[in-house]
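Residue-level listing of the chains:
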Amino acid sequence: MGRYRKPIQYVILAVVLLIGGYAIGNSLFSKSVVLAKGDMPPDFRLADLNNEVHEMKDYAGKPLIINFWGTFCPPCRNEMPALQSQYDKWKGQGLELVGINLSEDRLTAESFIRQVGVHFPILLDKDKKTERQYGLKQYPTTFFIAPTGEIQEVVIGGVLTEEEIEERIVRLIQTKS
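This section reports on the structure supplied with the text. (Residues numbered from 1 in each chain as written. Predicted model: local features only at pLDDT ≥ 70, side-chain atom pairs only at ≥ 80, totals over all residues. Heavy atoms only, no water.)

Once that is clear, we can look at unusual backbone geometry. For the bond from Tyr-139 to Pro-140, the omega torsion is -10°, close enough to zero to count as cis. With a phi angle near 65°, Asn-51 is a residue other than glycine that sits in the positive phi range. Mapped onto the fold, Asn-51 is located in the loop between strand E1 (45-47) and strand E2 (53-55). With relative accessibility at 54%, the residue Asn-51 sits in the exposed group. Even without being glycine, Lys-128 reaches a positive phi, approximately 60°. Assignment of secondary structure puts Lys-128 in the loop between strand E5 (122-124) and helix H4 (129-133). The class of Lys-128 is partly exposed, set by a relative accessible area of 38%. (Helix = DSSP H or I, 4+ residues; strand = E, 2+ residues; numbered from the N terminus. Buried < 20%, exposed > 50% of the residue type's maximum accessible area, 1.4 Å probe, protein only.)

What follows deals with the state of the cysteines. Taken as a whole, this structure holds 1 disulfide when the rule is applied. Shown here is the disulfide that connects Cys-73 with Cys-76, its sulfur atoms set 2.3 Å apart. Residues Cys-73 and Cys-76 are joined by a disulfide whose S-S torsion is about 80°; by sign, that bridge is right-handed. Like Cys-76, Cys-73 is buried. (Disulfide = S-S within 2.5 Å.)

Let us look at the pattern of salt bridges. Throughout the structure, instances matching the rule amount to 7 salt bridges. For Lys-89, the salt bridge goes to Glu-166, with nearest N and O atoms at 2.4 Å. Taken as a pair, Lys-89 in helix H2 (residues 74-90) and Glu-166 in helix H5 (residues 162-174) lie far apart in primary sequence, 77 residues in all. Residue classification places Glu-166 among the partly exposed positions, given a relative accessible area of 22%. Here Arg-168 and Glu-153 are joined by a salt bridge, their closest N and O atoms 2.9 Å apart. With a gap of 15 residues between them, Arg-168 in helix H5 and Glu-153 in strand E7 (residues 151-156) connect regions that are remote in the sequence. A single salt-bridge network, built from bridges that share partners, covers Arg-45, Glu-55 and Lys-57. (Salt bridge = Lys/Arg side-chain N within 4 Å of Asp/Glu carboxyl O.)

It is worth spelling out the sheet that holds strand E6 (residues 141-145) at this point. Spatial ordering of the open sheet is given by E5-E4-E3-E6-E7, a layout of 5 strands whose pairing is mixed. Looking at strand neighbours, the two that pair on one side only are E5 and E7, the edges of this open sheet. Along the sheet, successive strands turn relative to each other by an average axial angle of 20°, direction set aside. Bridge count between strand E3 (residues 64-69) and E6: 5 bridges; the pairing is antiparallel. Counted as the bridge partner of Leu-64 is Ile-145 from E6. Along the sheet face, H5 touches E3, E6 and E7 and points at about 165° away from the line of E7. (Pairing = 2+ DSSP bridges. Axes fitted to C-alpha atoms, helices over the stretch in contact; angles between N-to-C directions. Contact = heavy atoms within 4.5 Å.)

Further remarks concern helix H3 (residues 106-116). Those residues of H3 lying buried are Ala-109, Phe-112 and Ile-113. Along the long axis of H3, the arc covered by the buried residues comes to 100°, so they all point the same way. Turned more than 90 degrees away from the buried face of H3, the exposed residues are Leu-107, Arg-114 and Gln-115. Taken together, the buried residues of H3 touch E3, H2, strand E4 (96-101) and E5. Capping the start of H3, Asp-105 holds a side-chain oxygen 3.1 Å from the backbone nitrogen of Leu-107, two or three residues further along. Directly beyond the C-terminal end of H3, a positive phi value near 85° is found at Gly-117. (Arc of directions from axis to C-beta. Polar contact = N/O pair within 3.5 Å; in protein donor to acceptor, adjacent residues only side chain to side chain.)

These results come straight from atomic positions and should not be treated as a statement about function.
Below is the structure:
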C-alpha cells in the first residue's frame, strides 16, 4: 500500500481542485442576472399561505412592491413592520405588496407572519425558481415596480425604514400607467 500512497493523494487532490474550481466558476459565471431599473420583472406563479395562487399578471397596471425575505435574515425580519405599516397607509390608493419567502417551510413563515402581524400576501418560493429568475444575491431584496410594469428601483440588503419605503411608494404612485 505504501508505494500507491502518493499517487492516490495526487488523484484525491486533483478531484478536490476540479470540484472546487467548478463550484467557484459556476457561482461567478452563473447565468442569473440581477434585475435593474427599467427591466421588466419575470412572471411568477406562486401559492400564498392560504394556497391561493398569485401571478405577476395579477398586478398589471398597479404600483407593486415585491419583497424577497426569510426568517433566517435579521434585516428581513426587521423591515417587515415598516413594510406592513406603509402597505396599510397606501393600499387604498392601489398599492400592492407581496412578500416572497425564500424556500422556508409554511409553518416557519406562518409563525413569523402571525407574530409580526403581517397582512399582505406572503408567497412561498419553495423551489427557488422565482429567486433565481430575479437574480437574487443578497437578502432582503425589494423591487419597486411601476404601474407601467417596469422596475423603478431595486433595493438590495439592509433595512428600509418607513420613510425610505414611503419615498419610493410616492414615486411609484406618481408614475403614469
